[in-house]
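Descriptive analysis of the structure
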Amino acid sequence: MEKKHFLILGGGFGGVTAAIELARRLPSAAITLVDKNPYHIYHADLYELAGALFHEQGGSLKRRYLGLGSTVAIPFKDIFGRYPNIEFHRAEVLSIDLPSSEVTLSTGKVTYGDVIIALGSETNFFGIPHLEERALEMKTASDALNINTALEELFGSRAKHEIISVVVAGGGFTGCELAAELAVSLKKAARKRGHPVENIALTIIEATGALLGAAGPWFSEKAKKRMEALGVKVLLESPIVDVGPAEVALKEKMSVPYHLLIWTAGVRASSIAKNIKGVEIQKNHCIAVNENMHLLPHHNAFVIGDMAYCVAGRDGKPLPMTAQAAIYEAHYIARHIADKLGGKKDLEDYHPKISRFVVPLGGKYALGDFGAFKMSGMLPWMCKRYTALKYLANILPFPKAWKLWRQSSKIFMEND
């Protein structure tokens, strides 16, 4: 079998999974993964990190945040240490020259045999005036810790008789997870600090007519009832038109006051897409690929994850920008490449799996889509924690996966 050099750009769910699968299937291949950070982020737990307000306060602030951050930031050296054919290179991707099979990094230029572009997504502010400068994002571990810090500072700066107003903009999966988590943790934090719970105001704003609109009516109704039961004010059909220093302006000249605004309402593919010559850009800056994630006409280039615009399902819709989809695509790409190098003629087409989901909504409560049936309550929440352990065990040696899962579960269950 021909020895190949694979360059994987991006260390998210898709990039890490692709690297591990290629290493297992092609042990003689040389694999280099490039990411600007030295760690992989488990994004599914960012909402927990943001809301860990009453985690044990002992020790320095720096130590506390390092401890919290370690629950979702997994060093690449821990992930790839058992794969001698995977090399991690820390750098930022600046541009990609597909015809020359060359990538310009912040550390210099590199060439490749095959490239898998998995650079993920970034926050989309949709051009709303003053939003980017006045709202906190919810995309990275640093973002989650910034939210955590800002909430702590609010309790320190507001008198007990003053209202603390937090607004979560966006009623999709991320927004609902975060708002529900904060509904629980802010009340606990208030009691711990002697701040009257009735002086905590938490609002979720959604531009459309439903929370979790993409999930369907059952989930939307359940999510709304759960939010209201937790004391969250829900504003639907309320697109934001401007953001002032202390209030969010909505349509119909309505406004909502805030001390902290968190934006969760949109993502788009990494802006590096504009520095790749000769590609077709689609909705949300995504790169068009064929039904096998191939970036034609370049036979040695693939795109997976949030950057890929691929119509491979029977419904004619592009694949979703989710972690689950990125993992499925990575498994397929590794298998496809290994089969091709092994001389297999009838290569398997990509048939995406139907994405299922669990949405945690504060405490030990979640909504779950399990295909034939839907569930609410503690059981879907338990499935969410099991899924986290399963993923960690797939990328780490089991003892490390178990230790990390136990550590994060202990901290996050304190939130509940």
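Position numbers for residues start from 1 in each chain and track the written sequence from start to end. This being a predicted model, a pLDDT of at least 70 is required before a residue's local features are given, and a value of 80 or more before pairs of side-chain atoms are given or counted; all residues contribute to the totals for chains, interfaces and linings. Values shown for side chains rest on all heavy atoms present in the structure; no hydrogens or waters enter the calculation.

1. Remarks on the pattern of salt bridges
Pairing is possible between side chains of opposite charge, provided their charged atoms come close. Put simply, the rule reads: Each reported salt bridge corresponds to a side-chain nitrogen of Lys or Arg within 4 Å of a carboxyl oxygen of Asp or Glu. Comment: elements are numbered from the N terminus, with helices defined as DSSP H or I runs of at least four residues and strands as E runs of at least two. Relative accessibility thresholds used throughout: buried, under 20% of the residue-type maximum; exposed, over 50%; partly exposed, between the two (1.4 Å probe, protein chains only).
Under the criterion given, the structure shown has 13 salt bridges. A salt bridge links Glu348 to Arg335, with the shortest nitrogen-to-oxygen separation between them at 3.2 Å. A residue pair is termed long-range when its members are at least 10 positions apart, and Glu348 in the loop between α9 (323-341) and β22 (357-360) and Arg335 in helix α9 qualify at 13 residues. When its relative accessible area of 38% is taken as the criterion, Glu348 is described as partly exposed. For Arg335, a relative accessible area of 25% gives the class partly exposed. A network of salt bridges, in which partner residues are shared, links Glu21, Arg24 and Arg25.

2. What about the sheet that holds strand β23 (residues 366-369)?
Counted only if it meets this: Two strands are counted as paired when DSSP detects at least two bridges linking them. The convention used is that axes are lines fitted to C-alpha atoms, helices contributing only their stretch in contact, and that angles between N-to-C directions extend from 0 to 180 degrees. Note on definitions: a residue-residue contact is assigned when non-hydrogen atoms from the two residues lie within 4.5 Å.
With antiparallel pairing, three strands are arranged side by side in an open sheet as β22-β23-β24. Edge positions in the sheet fall to β22 and β24 (374-377), since each of these pairs with one other strand and no more. When the angles between neighbouring strand axes are averaged without regard to direction, this sheet yields 10 degrees. Its contacts with the sheet put helix α10 (residues 378-395) on β22, β23 and β24, and the angle it makes with β24 is roughly 95 degrees.

3. Description of unusual backbone geometry
Leu296 connects to Pro297 through a cis peptide bond whose omega is 5 degrees. Summarising the element assignment, Pro297 is placed in the loop between β19 (287-288) and β20 (301-303). Positive phi, normally seen in glycine, also occurs at His285, with a value near 65 degrees. Mapped onto the elements, His285 comes out in the loop between β18 (267-269) and β19.

4. Some thoughts on the sheet that holds strand β16 (residues 255-257)
The three strands are arranged β14-β15-β16 in an open sheet whose pairing can be described as antiparallel. Both outer strands of the open sheet, β14 (240-243) and β16, are each paired with one neighbouring strand and no more. Within the sheet, the average angular offset between the axes of one strand and its neighbour, ignoring direction, is 25 degrees. Here three bridges tie β14 to strand β15 (residues 247-250), and the two strands are oriented antiparallel to one another. Following the sheet pairing, Val243 is matched in β15 by Val248.

5. Here's the deal with the side chain of Ser270
Note that Ser270 resides in the loop between β18 and β19. In contact with Ser270, not counting residues within four places along its chain, are Leu119, Gly120, Ser121, Glu122 and Met307.

6. Considering a nonpolar patch on the surface
Operational definition: Residues enter a patch when their relative accessible area is above 30% and they make no salt bridge; the linking distance is 9 Å between like charges and 5 Å between nonpolar side chains (Val, Leu, Ile, Met, Phe, Trp, Tyr). Here the accessible surface of atoms and residues is derived via Shrake-Rupley with a 1.4 Å probe, and residues count as covered only by protein chains that are part of the display.
On the surface, Met378, Leu379 and Met382 cluster together into a nonpolar patch covering about 280 Å² of accessible area. By secondary structure assignment, the location of Leu379 is in helix α10.

7. Some words on the packing of aromatic side chains
Inclusion rule: Think of it this way: a Phe, Tyr or Trp ring, Trp meaning its six-membered ring, pairs with another when their centres are within 6.5 Å, and the plane angle makes it stacked under 30 degrees, edge-to-face over 60, tilted otherwise.
With the rule as written, the count across this model stands at 13 aromatic pairs. Ring geometry for Phe13 and Tyr391: centres 5.1 Å apart, planes at 55 degrees, overall tilted. Of this pair, Phe13 sits in helix α1 (residues 13-25) while Tyr391 sits in helix α10, and the two are 378 residues apart along the sequence. By relative accessible area, Phe13 is classed as buried at 10%. Look at Tyr42 and Tyr391: their rings are 5.6 Å apart centre to centre, the planes differ by 25 degrees, and that puts the pair in the stacked class. Here Tyr42 is found in the loop between β3 (39-41) and α2 (46-50), whereas its partner Tyr391 is found in helix α10, with 349 residues between them in sequence.

8. Brief notes about the packing of α10 against helix α11 (residues 398-415)
What counts is decided by this rule: Take the far helix as your reference; a near helix turned counterclockwise from it by less than a right angle gives a left-handed crossing, and one turned clockwise gives a right-handed crossing. Residues are grouped as follows: Ala, Val, Leu, Ile, Met, Phe, Trp, Tyr, Cys and Pro are nonpolar; Asp, Glu, Lys and Arg are charged; all remaining types, including Gly, are polar.
Where α10 contacts α11, the two axes come as close as 8 Å, and the packing angle between them is 150 degrees. The hand of the α10/α11 crossing is right-handed. Residue-level inspection shows Trp381, Arg385, Ala388, Leu389, Leu392 and Ala393 of α10 in contact with α11, the latter providing Phe398, Ala401, Trp402, Leu404, Trp405, Ser408, Ser409, Phe412 and Met413. Per-class residue counts for the contact of α10 with α11 are 12 nonpolar, two polar and one charged.

9. Things to note about the packing of α1 against α9
Note the cut-off: Note on angle classes: values under 35 degrees are labelled roughly parallel, values over 145 roughly antiparallel, values of 65 to 115 roughly perpendicular, and the remainder oblique.
Where α1 meets α9, the closest approach of the two axes is 8 Å, and the angle between their N-to-C directions is 25 degrees. Considering the angle they form, α1 stands roughly parallel to α9. The two elements α1 and α9 cross, and the hand of that crossing is right-handed. Counting all contacts with α1, which are made through Phe13, Gly14, Thr17, Ala18, Glu21, Leu22 and Arg25, the residues of α9 involved are Ala323, Ala326, Ile327, Ala330, His331, Ala334, Arg335, Ile337 and Ala338. Here the contact of α1 with α9 is composed, by residue class, of 10 nonpolar, three polar and three charged.

10. A closer look at the pairing of strand β7 (residues 102-105)
Look at any regular strand and the pattern is simple: side chains alternate between the two faces of the sheet. Only one face of β7 is buried, namely the one carrying Val103 and Leu105, since none of Glu102 and Thr104 on the opposite face is buried. The sheet contact formed by strand β6 (residues 93-97) and β7 spans four bridges and is antiparallel. Bridging from a neighbouring strand, Val93 pairs with Leu105 of β7. Where β6 folds back on β7, the antiparallel hairpin that results is connected by four residues, among which Ser101 adopts a positive phi of roughly 50 degrees. Sheet topology note: the β7/strand β8 (residues 108-111) ladder contains four bridges and is antiparallel. Its bridge partner being in β8, Val103 is matched across the sheet by Val110.

11. Points about helix α7 (residues 173-193)
As a reminder, the rule being used: To estimate the expected span of a helix, count its residues, drop one, and scale the result by 1.5 Å.
Under the 1.5 Å per step criterion, the end-to-end length of α7 is 30 Å for 21 residues, consistent within 8% with the ideal 30 Å. Directly beyond the C-terminal end of α7, a positive phi value near 75 degrees is found at Gly194.

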